[in-house]
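As a plain string of letters, each chain reads:
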Amino acid sequence: MNKESSRTLTILSVFAIAMGFFESAVVIYLRKIYYPDGFAFPLQGFLEPFILNVEWIREISTIIMLVCIGYLAGKNIYERIAYFIFSFAVWDIFYYIFLKITLDWPASLLTLDLLFLIPLPWIAPVLAPIIISITMIMLSLIIIGLQDKGIKVNFSNKEWSLFILGSIIILYTFLYDYSKLIFAGGFAKDFFTLSVNPAFIGAVSSFIPEEYNWLLFFLGEIFVLLGIFYLYNRLKFKKLMRHYEKSK
């Protein structure tokens, strides 16, 4: 990796770490308001509509910020993707580090967390997003490292398919519990008014998520890792062939 890329990654790391603290600070305030005795499932009802809308906008804004920093840091679409997912991953890891430092939470890496709220709650043990973040860092460094060596990075249809399929499977494991609550409880028809639906709020207040589907999660992770494996080997082979042709 060349000096320019190393400098960019260092600056992005500082940005993402600082952003991770801001994110953890917001969560600290929310937990002091809604979970003064400590966060745990079942959720205490549901956020009031105004706060829920603010949270949705905040989550969207967080992604926009990371997309913008990736766009500014990269020179082409794949570099921008790499810098975006690198920043996202560092931010997410340090978000949990700062929660541990400030709240001594989570108790363990297997503690269930509320990951996201759009369009409904995502939940998983803390270890799951950390594994994903490590995978994202690995992919980003491979893309940046290959481009620094003069190898033009692009994803083949097979690699895109593996990345998308793996991501969908992992996303399914995050959304499964509350999707099941909504559909099995007959709340789907009132989806856009759930935050003010007394029956749904009551159901959420007594709902404890099922055991997390690690088997399905790791299946999705394997698909993503296969995509990374195929990408790296294909582009390394292309470089070897280029050197071979030049040496003729």
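Residues numbered from 1 in each chain as written. Predicted model: local features only at pLDDT ≥ 70, side-chain atom pairs only at ≥ 80, totals over all residues. Heavy atoms only, no water.

**Student:** Can you help me understand a nonpolar patch on the surface in this one?
**Tutor:** Taken together, the side chains of Ile222, Leu226, Phe229 and Tyr230 define a hydrophobic patch exposed on the protein surface, amounting to about 360 Å² of accessible area. In this structure Ile222 comes out as partly exposed when scored by relative accessible area, which is 47%. (Patch = residues over 30% accessible without salt bridge, like charges linked within 9 Å, V, L, I, M, F, W, Y side chains within 5 Å. Areas by Shrake-Rupley, 256 points an atom, 1.4 Å probe, with all protein chains shown as cover. Salt bridge = Lys/Arg side-chain N within 4 Å of Asp/Glu carboxyl O. Buried < 20%, exposed > 50% of the residue type's maximum accessible area, 1.4 Å probe, protein only.)

**Student:** Would you mind going over the packing of helix α2 (residues 49-73) against helix α3 (residues 77-103) with me for this structure?
**Tutor:** When two helices pack together, their arrangement is given by the angle between the helix axes and by the axis-to-axis distance. It is the contact of α2 with α3, at a shortest axis distance of 7 Å, that shows an interaxial angle of 135°. The orientation of α2 with respect to α3, classified from their angle, is oblique. Our pair here, α2 against α3, has a crossing hand that is right-handed. Each of Thr62, Ile63, Leu66, Val67, Ile69, Gly70, Tyr71 and Ala73 in α2 lies in contact with α3, whose residues at this interface are Glu79, Arg80, Tyr83, Phe84, Ser87, Phe88 and Trp91. Classifying every residue of the contact of α2 with α3 by side-chain character gives 10 nonpolar, 3 polar and 2 charged. (Axes fitted to C-alpha atoms, helices over the stretch in contact; angles between N-to-C directions. Helix = DSSP H or I, 4+ residues; strand = E, 2+ residues; numbered from the N terminus. Parallel < 35°, antiparallel > 145°, perpendicular 65-115°, else oblique. Left-handed = near helix turned anticlockwise from the far one by under 90°. Contact = heavy atoms within 4.5 Å. Nonpolar A, V, L, I, M, F, W, Y, C, P; charged D, E, K, R; others polar.)

**Student:** For this particular structure, what's the right way to read unusual backbone geometry?
**Tutor:** Residues apart from glycine generally show negative phi values, whereas peptide bonds are mostly found in trans. Across the junction of Trp105 and Pro106, the peptide omega takes the value 10°, indicating a cis bond. As for its position among the elements, Pro106 is in the loop between α3 and β1 (112-116). With a phi angle near 55°, Asp104 is a residue other than glycine that sits in the positive phi range. As for its placement among the helices and strands, Asp104 is situated in the loop between α3 and β1.

**Student:** Quick question: what am I supposed to make of the environment of Ala128 here?
**Tutor:** Structurally, the position occupied by Ala128 is in helix α4 (residues 127-148). Residue class for Ala128 comes out buried when judged on its relative accessible area of 0%. Here the alpha-carbon distance between Ala128 and Ala25, two residues 103 residues apart in the chain, equals 22 Å.

**Student:** Looking at this model, I keep getting lost on the packing of aromatic side chains. Mind explaining?
**Tutor:** One pass over the structure, following the stated rule, counts 24 aromatic pairs. Note on Phe229 and Tyr230: the rings are 5.9 Å apart at their centroids and 65° apart in plane angle, and the pair reads as edge-to-face. Phe229 sits in the partly exposed class, given a relative accessible area of 49%. Taking NZ or CZ as reference, Lys158 lies 4.3 Å from the ring centre of Tyr230, over its face. (Phe/Tyr/Trp six-rings, centres within 6.5 Å; stacked < 30°, edge-to-face > 60°. Lys NZ or Arg CZ within 6 Å of the ring centre and 35° of its normal.)

**Student:** Which parts of the structure should I look at to understand the pairing of strand β2 (residues 122-125)?
**Tutor:** Successive side chains on a regular strand alternate, one facing one side of the sheet and the next facing the other. As defined by bridge partners, β1 adjoins β2 across 4 bridges and the pair is classed as antiparallel. Note on β2: the bridge partner recorded for Leu114 is Ile123. Two successive antiparallel strands, β1 and β2, enclose a turn made up of 5 residues. (Pairing = 2+ DSSP bridges.)

**Student:** Is there a simple way to think about helix α6 (residues 198-205) in this case?
**Tutor:** Because each turn of an α-helix spans 3.6 residues, side chains separated by three or four positions end up pointing in the same direction. Within α6 the residues assigned to the buried category are Phe200, Ala203 and Val204. One face of α6 carries all of its buried residues, which in axial projection span an arc of 100°. The inward-facing, buried residues of α6 abut α5 (157-184). Regarding α6, its N-cap is Asn197, as a side-chain oxygen of that residue lies 2.9 Å from the backbone nitrogen of Ala199 further along. (Arc of directions from axis to C-beta. Polar contact = N/O pair within 3.5 Å; in protein donor to acceptor, adjacent residues only side chain to side chain.)

**Student:** I keep staring at helix α1 (residues 3-34) and nothing clicks. Help me out?
**Tutor:** For α1, with 32 residues, the first-to-last C-alpha span of 46 Å sits near the 46 Å given by 1.5 Å per residue. N-capping of α1 is provided by Asn2, with a side-chain oxygen placed 3.2 Å from the backbone N of Glu4. (Expected span 1.5 Å × (residues − 1).)

**Student:** Would you explain the side chain of Glu59 in this entry?
**Tutor:** Structurally, the position occupied by Glu59 is in helix α2. Those residues within four positions of Glu59 in sequence are excluded, and the remaining contacts are Phe116, Leu117 and Ile118.

**Student:** Would you explain the pattern of salt bridges in this entry?
**Tutor:** Side chains bearing opposite charge may pair, as long as their charged atoms lie close to each other. Scanning all chains against the criterion turns up 8 salt bridges. Close ionic contact of Glu210 with Lys180 constitutes a salt bridge, the shortest N to O distance being 2.6 Å. Here the residue Glu210 occupies a position in the loop between α6 and α7 (214-247), and Lys180 occupies one in helix α5, the gap between them amounting to 30 residues. On the accessibility criterion, Glu210 (37% relative accessible area) is partly exposed. Residue Lys180 is classed as partly exposed on the basis of its relative accessible area, which comes to 37%. Put simply, Asp190 and Lys189 hold a salt bridge, and the shortest N to O gap is 3.9 Å. Judged by its relative accessible area of 27%, Asp190 is partly exposed.

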